[in-house]
Amino acid sequence: PGHQLPHDPEKKTLVILGSGWGATSLLNSLDTSEYNVVLISPRNYFLFTPLLPSVAVGTLNPRSIIQPTRYVTRHKARQVAVIEAHATSVDPVAKTVTFEDTSEIQGLVSLTTINYDYLVFAVGAEVQTFNIPGVKEYACFMKELEDAEKMQRRFLDCLESAAFPGQSQDEVDRLLHMVVVGGGPTGIELSGEIHDFLEEDLRSWFPELANSVRISLVEALPSVLPMFSKRLIEYTEAQFKQAKIDILTKTMVKEIKEKSVVLQMPDKSIVEVPCGMVVWAAGNTGRQVTRDLMSKLPEHQTNKRGIVVDDHLRMLGTDRTIFALGDCTATSYAPTAQVASQEGAYLARILAQIAKADNLESRLHALRSSPETPESKAEITSIGRQLNRTRKLRPFEYSHQGSLAYIGSDKAIADLPFFNGNLATGGVATFLFWRSAYLSTLFSLRNRTLVATDWIKVKLFGRDVSRE
Ligand code: FAD
Ligand code: NAD
């Protein structure tokens, strides 16, 4: 019969799609003895996204910021099946999920469909390109681990090509012009990291080139970091000016070519700027699997930003069997790790309550199907009361811990609810440890140790500039 999934007929099957912030936080807190739990994700690990830009400049080893999902599941009370596959479709009526192994190597079976009783939809989002020509072909993204690794390789390739003997100054200037698109936190943090790399390492590894490196940050809106207070935006802009990172606001990228980027300037004129590398950090959009599922519930799911859920994270239009959380949903909260991880922890509590209610209901059903006795009558009344209590679910409430962003040169900005818009500066290490702590406990002791070791290595030996 081949490999089997956990199956206890007494328990309901809970299928979780995704292994990111939402799904991993849920898995961490979930009592797996209550369900047959199956987790499906094309990535068999959790990625700590806040430190991704550090991987892109070689400060951190890629492996230091990921955690295999099986590290979490192996400590659970009951077996959890982890399947490396893409969910390709969900049937909310038949209650099935179809998934496919799309990785390089496949066995004889690579596509299958399973049933669920409850489904947790936490597939995140994908990079928004707005169908702007050249983005997919020529830009690097900053979303997945491969993106950061690809950017690092390209960046170093630009440097090595600029160092090629006989290169003209114009070509050196082009190769060393790094363009970051998007003035959201991803673009800002990445620009800061590239700047640190330049100041701390490139000056000693490529002294002849260091002065030719230019970083431009392009943002369509009138200011960067709209989610931060005005004071912090001004502080970041001043800091970037000092660091010689050009911020081009009210400027829109219209096209990306192999060796240039086409910009629409604030006065609407079109300018083609030569560059060696473009990093696209212009925001996210829903995945195909999410759009397909939404289109099956056209009456309730019409929000272009994503899945609409009720106060208990249940997808509207389903019979309370699909939960959705994180970046694939459209809520009043920002699509952040902070929100997704709180939603995951909340859902673990809700699912425990639902399991309890389901157990009471089957007991009630069993009692009602056998002949009535005075004892069974009393138990039915008591269970009915308990059920009423258990069925009352507390709504999800988000508790904002503040917004933080690293802006380079050992500086960070922080909008903290308890300090009323405080400006934080400090050492990188302190700040990042603080951030990983504030975000959640998802960053394990193992990962913290790996990251700390990487930092020490970089302090002692500098960043690794070998191009793999
Ligand atoms: P994700 O974490 O993206 O997880 C989605 C999961 O679904 C992944 O495991 C993916 O492999 C899987 N998946 C994809 N397709 C399928 C499919 N078809 N079937 C099954 N599974 C699928 N937020 C903060 O609050 N603070 C920060 O400092 C911060 N820094 C960031 C830095 C960067 C560079 C980036 C890119 C994001 C940052 N964010 C930060 C945002 C944060 O990472 C997201 O909001 C968060 O990841 C959302 O969690 P999620 O679980 O919804 O999605
Ligand atoms: P974002 O959506 O916040 O920012 C993208 C920016 O790109 C926008 O300001 C947009 O105006 C701009 N843009 C879009 N198209 C453009 C074009 N053609 N030309 C020029 N500019 C263009 O995206 P993000 O920074 O990746 O952040 C995504 C989510 O992750 C947000 O919710 C953010 O809060 C969260 N995040 C948080 C942190 C942090 O807290 N430190 C770090 C990274 C990401």
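Small disclaimer: the values here were computed from a predicted structure and weren't measured. (Residues numbered from 1 in each chain as written. Chains lettered and ligands numbered in written order. Predicted model: local features only at pLDDT ≥ 70, side-chain atom pairs only at ≥ 80, totals over all residues. Heavy atoms only, no water.)

Draft legend 1. Representation of the overall build of the chain. Check the secondary structure of the chain and you find 13 helices and 22 strands. For 468 residues, the compact-globule estimate of 2.2 N^0.38 gives 23 Å, and the C-alpha radius of gyration of the chain, at 25 Å, lies within 12% of that figure. When the backbone C-alpha atoms are referred to their principal axes, the chain occupies close to 95 × 55 × 50 Å. In the chain, which comprises 468 residues, the proportion classed as buried is 51%. (Helix = DSSP H or I, 4+ residues; strand = E, 2+ residues; numbered from the N terminus. Rg over C-alpha atoms; globule rule 2.2 N^0.38 Å. Buried < 20%, exposed > 50% of the residue type's maximum accessible area, 1.4 Å probe, protein only.)

Draft legend 2. Local environment of a positive patch on the surface. Residues Lys-356, Arg-385, Arg-389 and Lys-392 make up a contiguous surface patch of positive charge. Arg-385 sits in the exposed class, given a relative accessible area of 55%. (Patch = residues over 30% accessible without salt bridge, like charges linked within 9 Å, V, L, I, M, F, W, Y side chains within 5 Å. Areas by Shrake-Rupley, 256 points an atom, 1.4 Å probe, with all protein chains shown as cover. Salt bridge = Lys/Arg side-chain N within 4 Å of Asp/Glu carboxyl O. Lys, Arg positive; Asp, Glu negative; His and termini not counted. Charge placed at Lys NZ, Arg CZ, Asp CG, Glu CD.)

Draft legend 3. Up close: the pairing of strand β17 (residues 270–274). Sheet topology note: the strand β16 (residues 260–264)/β17 ladder contains five bridges and is antiparallel. Note on β17: the bridge partner recorded for Gln-264 is Ile-270. Taken together, β16 and the strand that follows it, β17, pair antiparallel across an intervening segment of five residues, in which Lys-268 is found at a positive phi of about 75°. (Pairing = 2+ DSSP bridges.)

Draft legend 4. Broad picture of the site of ligand 1. Around ligand 1 lies a shell of 31 residues, among which Ser-19, Gly-22, Thr-49, Ala-87 and Asp-327 are the nearest. Separating an oxygen atom of ligand 1 from a side-chain N or O atom of Ser-19 is a distance of 2.9 Å. In the model, an oxygen atom of ligand 1 is placed 3.3 Å from a nitrogen or oxygen of the Gly-20 main chain. When the free accessible area of ligand 1 is taken as 1,000 Å², the share hidden by the protein chains comes to 91%. Among the secondary structure elements, those contributing two or more residues to the shell around ligand 1 are α1 (21–29), β2 (35–41), β6 (86–91), α10 (337–369) and α12 (428–439). If one sorts the elements of the shell around ligand 1 by residue count, α10 sits on top with three residues. (Near = heavy atom within 4 Å. Polar contact = N/O pair within 3.5 Å; in protein donor to acceptor, adjacent residues only side chain to side chain.)

Draft legend 5. Molecular detail of the pattern of salt bridges. Across all of its chains, the model carries 15 salt bridges by this definition. Of the charged contacts, one joins Glu-272 and Lys-257 as a salt bridge, the two residues approaching to 3.3 Å between their closest N and O atoms. Of this pair, Glu-272 sits in strand β17 while Lys-257 is found in the loop between β15 (252–256) and β16, placing the two residues 15 residues apart along the sequence. What makes Lys-257 partly exposed here is its relative accessible area of 31%. Put simply, Arg-363 and Glu-379 hold a salt bridge, and the shortest N to O gap is 2.9 Å. With a gap of 16 residues between them, Arg-363 in helix α10 and Glu-379 in helix α11 (residues 374–391) connect regions that are remote in the sequence. With relative accessibility at 30%, the residue Glu-379 sits in the partly exposed group.

Draft legend 6. Main features of the pairing of strand β14 (residues 245–248). The pairing of strand β13 (residues 214–218) with β14 spans four bridges and is classified as parallel. The residue bridging Ser-216 from the neighbouring strand is Asp-246, located in β14. The parallel pair β13 and β14 is bridged by helix α8 (residues 230–242), and the resulting crossover is right-handed. (Right-handed = clockwise from strand over helix to strand, strands pointing away.)

Draft legend 7. The site of ligand 2, seen in detail. Surveying the vicinity of ligand 2 reveals 26 residues, the closest of which are Thr-186, Glu-219, Val-253, Pro-335 and Leu-404. At 3.1 Å, a backbone N or O of Ala-220 approaches a nitrogen atom of ligand 2. Here Leu-404 contributes a backbone N or O atom positioned 2.6 Å from a nitrogen atom of ligand 2. Expressed as a share of its isolated accessible area of 840 Å², the protein-covered part of ligand 2 is 78%. Among the secondary structure elements, those contributing two or more residues to the shell around ligand 2 are α7 (185–205), β15 and β21 (403–408).

Draft legend 8. Up close: the sheet that holds β6. Read from one edge of the open sheet, three strands run β6-β7-β8, paired in antiparallel fashion. The strands lining the two open edges of the sheet, one partner per strand, are β6 and β8 (111–115). Neighbour-to-neighbour, the strand axes of the sheet open up by a mean angle of 20°, direction not taken into account. (Axes fitted to C-alpha atoms, helices over the stretch in contact; angles between N-to-C directions.)

Draft legend 9. Expanded view of the nonpolar core. The biggest cluster of nonpolar side chains holds 61 residues, and the ones touching the most others in it are Ile-65, Met-151 and Phe-155. Considering each element in turn, this core owes the most residues, eight residues, to helix α5 (residues 145–162). The contacts of Ile-65, once residues within four sequence positions are left out, are Phe-46, Leu-47, Phe-48, Leu-51, Leu-52, Val-55, Leu-60, Leu-145, Phe-443, Asn-447 and Val-451. (Core = buried A, V, L, I, M, F, W, Y, C linked by side-chain atoms within 4.5 Å. Contact = heavy atoms within 4.5 Å.)

Draft legend 10. Spatial organisation of the packing of aromatic side chains. As enumerated under the stated definition, the model contains eight aromatic pairs in all. A centroid spacing of 5.4 Å and a plane angle of 75° characterise the contact between Phe-155 and Phe-197, whose relative ring orientation is edge-to-face. In this pair, Phe-155 sits in helix α5 while Phe-197 sits in helix α7, placing the two residues 42 residues apart along the sequence. Aromatic ring contacts, followed pair by pair, group Tyr-333, Tyr-346, Phe-396 and Tyr-398 into a single cluster. Geometry around Tyr-71 places Arg-74 over its ring, the cationic atom sitting 4.8 Å from the centre. (Phe/Tyr/Trp six-rings, centres within 6.5 Å; stacked < 30°, edge-to-face > 60°. Lys NZ or Arg CZ within 6 Å of the ring centre and 35° of its normal.)

Draft legend 11. Region of interest: α1. Along α1, seven of the nine residues are buried, which leaves the element largely enclosed by surrounding structure. Within α1 the residues assigned to the buried category are Trp-21, Gly-22, Ala-23, Thr-24, Ser-25, Leu-26 and Leu-27.

Draft legend 12. Broad picture of the sheet that holds β13. Across the sheet, five strands lie side by side as β11-β18-β12-β13-β14; this open sheet has parallel pairing. Strand pairing shows two members of the sheet lacking a second neighbour, β11 (140–141) and β14, which therefore form its edges. Along the sheet face, α5 touches β11, β12 (177–181) and β18 (277–280) and points at about 160° away from the line of β18. Of the strands in this sheet, β12, β13, β14 and β18 touch α7, which is tilted by about 175° from β13.

Without other data, these values stay purely geometric and don't point to any function.
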